[in-house]
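# Inside the fold
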Amino acid sequence: PRVNFFLEDGTQIKLTAREGILYTTTNDMEVHGKVRIRNDRYTLTTETLSYEHDHRVLQAESAVRITGAAIDLKAATMRYDLNTNQTRFDGHVEGILYENPAL
């Protein structure tokens, strides 16, 4: 599947995966296999991800990695709220933040 999410500020987030399930009664979704979420600044990779439509939340219960010009971060799990554009990482969080990223 390929899914585009749009934030309030107009930012577009693109999700791809090898396979997925869309629950048509709720518009919730589960995706598996080489899951990738990209925006103009970051790329997130994981193996499984769920989307809760009512709350507009993406959640990964498997290891995640986020890379970008200013960051390289790993964690055991992640929860991303599309409404607030905030992400919470839990479990074995480690990363590098670059002060002057290469553009």
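Our subject is the structure listed above.
This report concerns the structure included in the present document.

### Notes on the overall build of the chain
Looking only at helices and strands, the chain has zero helices and eleven strands in total. Tracing the chain from N to C terminus, the helices and strands come up as β-β-β-β-β-β-β-β-β-β-β. Rg of the C-alpha trace for the chain: 14 Å, near the compact-globule value of 13 Å for 103 residues, within the 12% margin. Once the C-alpha set of the chain is aligned to its principal axes, its extents read approximately 45 × 30 × 20 Å. Burial status across the chain gives 29% buried among its 103 residues. Considering only contacts within the chain whose residues lie at least 6 apart along the sequence, 28% involve residues at least 24 apart. Roughly 7000 Å² of accessible area belongs to the chain as shown, and the carbon and sulfur atoms make up 47% of that amount. Across the chain, the centroid of the 12 positively charged side chains sits 8 Å from that of the 15 negatively charged ones.

### Examining the layout of surface pockets
By volume, the largest pocket amounts to about 440 Å³. Looking at the largest pocket, it is lined by 21 residues, and the ones nearest its centre are Asn39, Tyr42, Tyr80, Asn85 and Thr87. Every element with two or more residues in the lining of the largest pocket is listed here: β4 (28–38), β5 (42–52), β9 (77–81) and β10 (86–90). Of the residues assigned to the lining of the largest pocket, the class counts are eleven nonpolar, six polar and four charged.

### So, the side chain of threonine 46
Mapped onto the elements, threonine 46 comes out in strand β5. Assessed through its relative accessible area of 5%, threonine 46 is described here as buried. Among the polar contacts made by the side chain of threonine 46, one reaches the side chain of serine 62 at a distance of 2.7 Å. Within the structure, the side chain of threonine 46 is placed 2.8 Å from the backbone oxygen of alanine 63, a separation counted as a polar contact.

### Describing the pattern of salt bridges
Within this structure, the stated rule accounts for two salt bridges. Here aspartate 72 and arginine 65 are joined by a salt bridge, their closest N and O atoms 2.7 Å apart. Given a relative accessible area of 34%, arginine 65 falls into the partly exposed group. Between aspartate 90 and arginine 88 there is a salt bridge; the shortest N-O distance is 2.9 Å. Taking the relative accessible area as the measure of exposure, arginine 88 reaches 52% and is therefore exposed.

Analysis parameters
- Residues numbered from 1 in each chain as written.
- Predicted model: local features only at pLDDT ≥ 70, side-chain atom pairs only at ≥ 80, totals over all residues.
- Heavy atoms only, no water.
- Helix = DSSP H or I, 4+ residues; strand = E, 2+ residues; numbered from the N terminus.
- Rg over C-alpha atoms; globule rule 2.2 N^0.38 Å.
- Buried < 20%, exposed > 50% of the residue type's maximum accessible area, 1.4 Å probe, protein only.
- Contact = heavy atoms within 4.5 Å.
- Areas by Shrake-Rupley, 256 points an atom, 1.4 Å probe, with all protein chains shown as cover.
- Lys, Arg positive; Asp, Glu negative; His and termini not counted.
- Charge placed at Lys NZ, Arg CZ, Asp CG, Glu CD.
- 1 Å grid on protein atoms, 1.4 Å probe; cavity = no way out; pocket = protein on both sides within 12 Å on 5 of 7 lines; lining within 4 Å.
- Points joined across faces, edges and corners; volume = space filled by probe spheres on them.
- Nonpolar A, V, L, I, M, F, W, Y, C, P; charged D, E, K, R; others polar.
- Polar contact = N/O pair within 3.5 Å; in protein donor to acceptor, adjacent residues only side chain to side chain.
- Salt bridge = Lys/Arg side-chain N within 4 Å of Asp/Glu carboxyl O.

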